[in-house]
Amino acid sequence: MNFNLSEEQLMIQQAARDFAQTELLPGVIERDNAQRFPHEQVKKMGELGLLGMMVDPKYGGAGMDSVSYVLALEEIAKVDASAAVVMSVNNSLVCAGLEKFCNEEQKMKYLRPLASGEVIGAFALSEPEAGSDATSQQTTAVDKGDHYILNGTKNWITNGGNATYYIVIAQTDPEKKHKGINAFIVEKGWPGFEIGPKEDKLGIRGSDTHSLLFTDVKVPKENRIGEDGFGFNFAMAVLNG
Ligand SMILES: Cc1cc2nc3c(=O)[nH]c(=O)nc-3n(C[C@H](O)[C@H](O)[C@H](O)COP(=O)(O)OP(=O)(O)OC[C@H]3O[C@@H](n4cnc5c(N)ncnc54)[C@H](O)[C@@H]3O)c2cc1C
């Protein structure tokens, strides 16, 4: 078996290394001290294809393999851990799950802008009482026919203040425990969806980590990912990625 990197992988590694040196290194300490999100840098990362690296180009991605993704992520993380966290969440926790499990309409509407880096996304699973034990979801989504009503709080959500689209995990049928959990795509700005306080972290301070507050947020049924009750498996598959 040949473990050497291919020419293409080496090129991607070098391109990410160059980008990190020229675009991320200047000001990285200041951004971290000031907890300043690397807006301009993330925009350029999107233009380079770094925010949807493994996504099929027909959905706005760069169509690369996972080794290329890891090589590029290493180069970004070496210089700016915050930019790397933005990148890894958008690639692994948002785009990968949407590409694997969403229907065509959802992919065209949400995955395309996310994978092309036009906007960034967030993945909201953790709660004050549901960290390691992700089955203890207290956020509820009540089925109202053509929509769900979402209520609850998510904690420590990366890209929480800067994302446009959010994957939100919620309990739809408490009696079914983890089989009664669903995942939804929620848009910033929907009535009742508030971005909570930003965490003042010890490190990776350029990456914003927020709580998210949902009060009677109306989520159209077409924004549910997969079949009813698929949310917990979805979340675990996404985290494996
Ligand atoms: C910077 C940052 C960014 C984050 N970004 C996101 C995000 O984008 N989306 C998201 O959904 N979440 C995010 N999180 C939340 C993260 O996933 C949780 O912090 C994690 O799941 C752990 O949960 P917790 O913090 O509640 O710790 P707890 O679950 O309370 O665990 C505390 C400690 O107890 C240990 N422990 C827990 N249960 C057991 C057990 N049964 N047996 C033995 N030991 C145990 C754990 O290993 C840990 O050491 C982020 C967290 C941080 C710090």
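Residues numbered from 1 in each chain as written. Predicted model: local features only at pLDDT ≥ 70, side-chain atom pairs only at ≥ 80, totals over all residues. Heavy atoms only, no water.

Overview of the overall build of the chain
- Looking only at helices and strands, the chain has seven helices and seven strands in total.
- In the chain, the succession of α and β elements from N to C terminus is α-α-α-α-α-α-β-β-β-β-β-β-β-α.
- Along the first, second and third principal axes, the C-alpha atoms of the chain reach 50 × 40 × 30 Å.
- A separation threshold of at least 6 residues defines the contact pool for the chain, and within that pool the share at least 24 residues apart is 70%.
- Summing over all exposed atoms, the chain offers an accessible surface of approximately 11600 Å²; the carbon and sulfur share of this is 52%.
- Between the mean site of the 23 positive side-chain charges and the mean site of the 33 negative ones, the chain shows a separation of 2 Å. (Helix = DSSP H or I, 4+ residues; strand = E, 2+ residues; numbered from the N terminus. Contact = heavy atoms within 4.5 Å. Areas by Shrake-Rupley, 256 points an atom, 1.4 Å probe, with all protein chains shown as cover. Lys, Arg positive; Asp, Glu negative; His and termini not counted. Charge placed at Lys NZ, Arg CZ, Asp CG, Glu CD.)

Points about the packing of helix α5 (residues 81-101) against helix α7 (residues 231-240)
- Two elements in contact, α5 and α7, have axes separated by 9 Å at closest approach and are oriented at 125°. By the angle class used here, α5 and α7 are oblique. Of the two possible hands of crossing, α5 and α7 adopt the one that is right-handed. Together, S92, L93, G97 and F101 of α5 and F234, A237, V238 and L239 of α7 make up the contact between the two elements.
- Within the contact of α5 with α7, the residues separate by chemical class into six nonpolar, two polar and no charged. (Axes fitted to C-alpha atoms, helices over the stretch in contact; angles between N-to-C directions. Parallel < 35°, antiparallel > 145°, perpendicular 65-115°, else oblique. Left-handed = near helix turned anticlockwise from the far one by under 90°. Nonpolar A, V, L, I, M, F, W, Y, C, P; charged D, E, K, R; others polar.)

A look at the nonpolar core
- Judged by nonpolar contacts, the single largest core of 45 residues is most densely connected at L98, F123, L150, I167, I169 and V186.
- For this core, the leading source of residues is strand β4 (residues 165-171), giving six residues.
- Residue-level mapping places this core at the junction of two domains, with at least three residues from each of domain 1 (7-115) and domain 2 (121-240).
- With 21 residues, the next largest nonpolar core counts A20, L50, L51 and A83 among its residues. (Core = buried A, V, L, I, M, F, W, Y, C linked by side-chain atoms within 4.5 Å. Buried < 20%, exposed > 50% of the residue type's maximum accessible area, 1.4 Å probe, protein only. Domains from an automatic or database assignment.)

Things to note about the environment of V79
- Along the chain, the position of V79 falls in helix α4 (residues 66-79).
- Judged by relative accessible area, V79 falls into the buried class, the value being 19%.
- Residues V79 and A20, spaced 59 residues apart in sequence, show a C-alpha to C-alpha distance of 6.2 Å.
- Setting aside residues no more than four positions away along its own chain, V79 makes contact with A20, Q21, L24, L25 and V28.

Let's talk about the site of the ligand
- The ligand sits among F123, A124, L125, S126, G131, S132, W156, I157, T158 and K201.
- Within the contact set of the ligand, an oxygen atom lies 2.6 Å away from a side-chain nitrogen or oxygen of S132.
- Coverage of the ligand by the protein amounts to 39% of the 970 Å² it exposes when considered alone.
- When residues of the shell around the ligand are traced back to their parent elements, those giving at least two are β1 (121-124) and β3 (147-158).
- Tallying contributions element by element places β3 first for the shell around the ligand, with three residues.
- Looking at the shell around the ligand residue by residue, the class counts come to five nonpolar, four polar and one charged. (Near = heavy atom within 4 Å. Polar contact = N/O pair within 3.5 Å; in protein donor to acceptor, adjacent residues only side chain to side chain.)

Here we look at the domain arrangement of the chain
- As far as domains go, the chain holds domain 1 (7-115) and domain 2 (121-240).
- Taking only C-alpha atoms into account, the centre of domain 1 sits 22 Å from that of domain 2.
- Listed per partner, the contact involves 26 residues of domain 1 and 30 residues of domain 2.
- For the pair domain 1 and domain 2, the two sides together bury roughly 2300 Å², of which 62% comes from carbon and sulfur.
- Taken as a group, Q35, F101 and Y110 account for 31% of the area that domain 1 buries against domain 2, more than any other trio of residues on that side. (Buried area = accessible area lost by both parts, 1.4 Å probe.)

As for the packing of helix α1 (residues 7-24) against α4
- Running from N to C, α1 and α4 cross one another at 20°; their axes reach a closest spacing of 8 Å. One way to sum up the angle between α1 and α4 is to call them roughly parallel. For the pair α1 and α4, the sense of crossing is right-handed. Taking contact as the criterion, the partners of Q9, I12, Q13, A16, R17, F19, A20, Q21 and L24 in α1 are, on α4, V67, S68, L71, A72, E75, I76, K78 and V79.
- Its residues assigned to classes, the contact of α1 with α4 comprises ten nonpolar, four polar and three charged.

Details of the pairing of strand β7 (residues 209-220)
- Bridge analysis of β3 against β7 gives nine bridges, and the strand direction is antiparallel. Bridge pairing links Y148 to V219 in β7. (Pairing = 2+ DSSP bridges.)

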